[in-house]
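Survey of secondary and tertiary structure
The residues making up each chain are set out below.
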Amino acid sequence: MTASSQELHFADAGEAADLAAFLARLIHYDRAAAVRLQAGGGVLAVFGRPPSFEVLAIRTARLDAIVGTEATSSVSSVSGTSGTSAGAAGGPGALDTTVSAGEFADALDTARAGRTADGPSQSHARGLVATVPQAVTGPPWAGVLPPRGGWRRVSGLPGVDEVRGAVAAAVAEFRARDTALPEERRTRAERDRIGREIWTRTLGDTGLPLRAVHAAQSLGFLRPVRAAAPAATAQGAGGGVATAAPDAMAEPLALLAAGGWLRLRTPYGSIAVRTSGLSGLPVTPA
């Protein structure tokens, strides 16, 4: 079955709307952005790489089903209620494809517009259904995702207010140093040098580069949590995602490590970054 012959049945229209907002932010940084989609176990994981941040951004949404639209296709329920149960990404009935972020955003917008046009009663009964766009040739990063398991908690992560403060301080420092540059040195190369110096610093003793925190802030992952948190999902990078009760995400932030990766998990998504020297980090089971 090709990606173009599949529909995603979202369990919650609000989560689909947040996913659309995430795609819009990716497109803001790169109009030709691509995203890798992996679905299984009732959850869709969307991976993107906003330019200049050098990180992977991950957003999830719960699914009721992945449905084949061709006459010869079968219906695969990812919630286990009917048909073939879809397991981990790559398993029977699951989805793993790379698509244009813009086309996927358009598909979500079309689905939301159709849901509104149907009226409250009809849209509630039908749910939110979006067609998976045609697959595209993925960029190199799409073939190197974080591990699906083996994550361990990294100690020392500051609270969410301190994390936001670290980003604000770094942005203020960049602007101040940029303003102080003499005219002859006010070049793209010099500004890039200052940016690299600032954003490669780590957050406290965690080993997490500030660029990862900056990406989380820029993509809206550090905003205050709503009373009904949209991410009633536990995000496991690399497709290791699973549904969870809303109170399971009561912890605003967590820092996890696996292999050569660090992952900043928030209620709205995760930021994963490849790094080195993880063997010296103090870790405890998540």
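In this report, we go over the structure that sits alongside the text. (Residues numbered from 1 in each chain as written. Predicted model: local features only at pLDDT ≥ 70, side-chain atom pairs only at ≥ 80, totals over all residues. Heavy atoms only, no water.)

**Quick look at the environment of R177**
- Within the secondary structure, R177 sits in helix α4 (residues 160–180).
- Once the C-alpha coordinates of R177 and G195 are considered, the two residues, 18 residues apart in sequence, prove to be 9.9 Å apart. (Helix = DSSP H or I, 4+ residues; strand = E, 2+ residues; numbered from the N terminus.)

**Section: the packing of aromatic side chains**
- Taken as a whole and judged by the stated rule, the model has two aromatic pairs.
- Relative to F221, the ring of F22 lies with its centre 5.8 Å away and its plane at 25°, an arrangement referred to as stacked. With F22 in helix α1 (residues 13–29) and F221 in the loop between α6 (210–218) and β9 (233–234), the pair connects residues that are 199 residues apart, well separated along the chain.
- Note on Y29 and F53: the rings are 5.4 Å apart at their centroids and 85° apart in plane angle, and the pair reads as edge-to-face. One end of the pair, Y29, is in helix α1; the other, F53, is in the loop between β3 (43–48) and β4 (56–68), and 24 residues separate them in sequence.
- For Y29, a relative accessible area of 32% corresponds to the partly exposed category.
- Accessibility expressed as a relative area gives 6% for F53, which makes it buried.
- One residue, R263, lies across the ring of W151, its end atom 4.6 Å from the ring centre. (Phe/Tyr/Trp six-rings, centres within 6.5 Å; stacked < 30°, edge-to-face > 60°. Buried < 20%, exposed > 50% of the residue type's maximum accessible area, 1.4 Å probe, protein only. Lys NZ or Arg CZ within 6 Å of the ring centre and 35° of its normal.)

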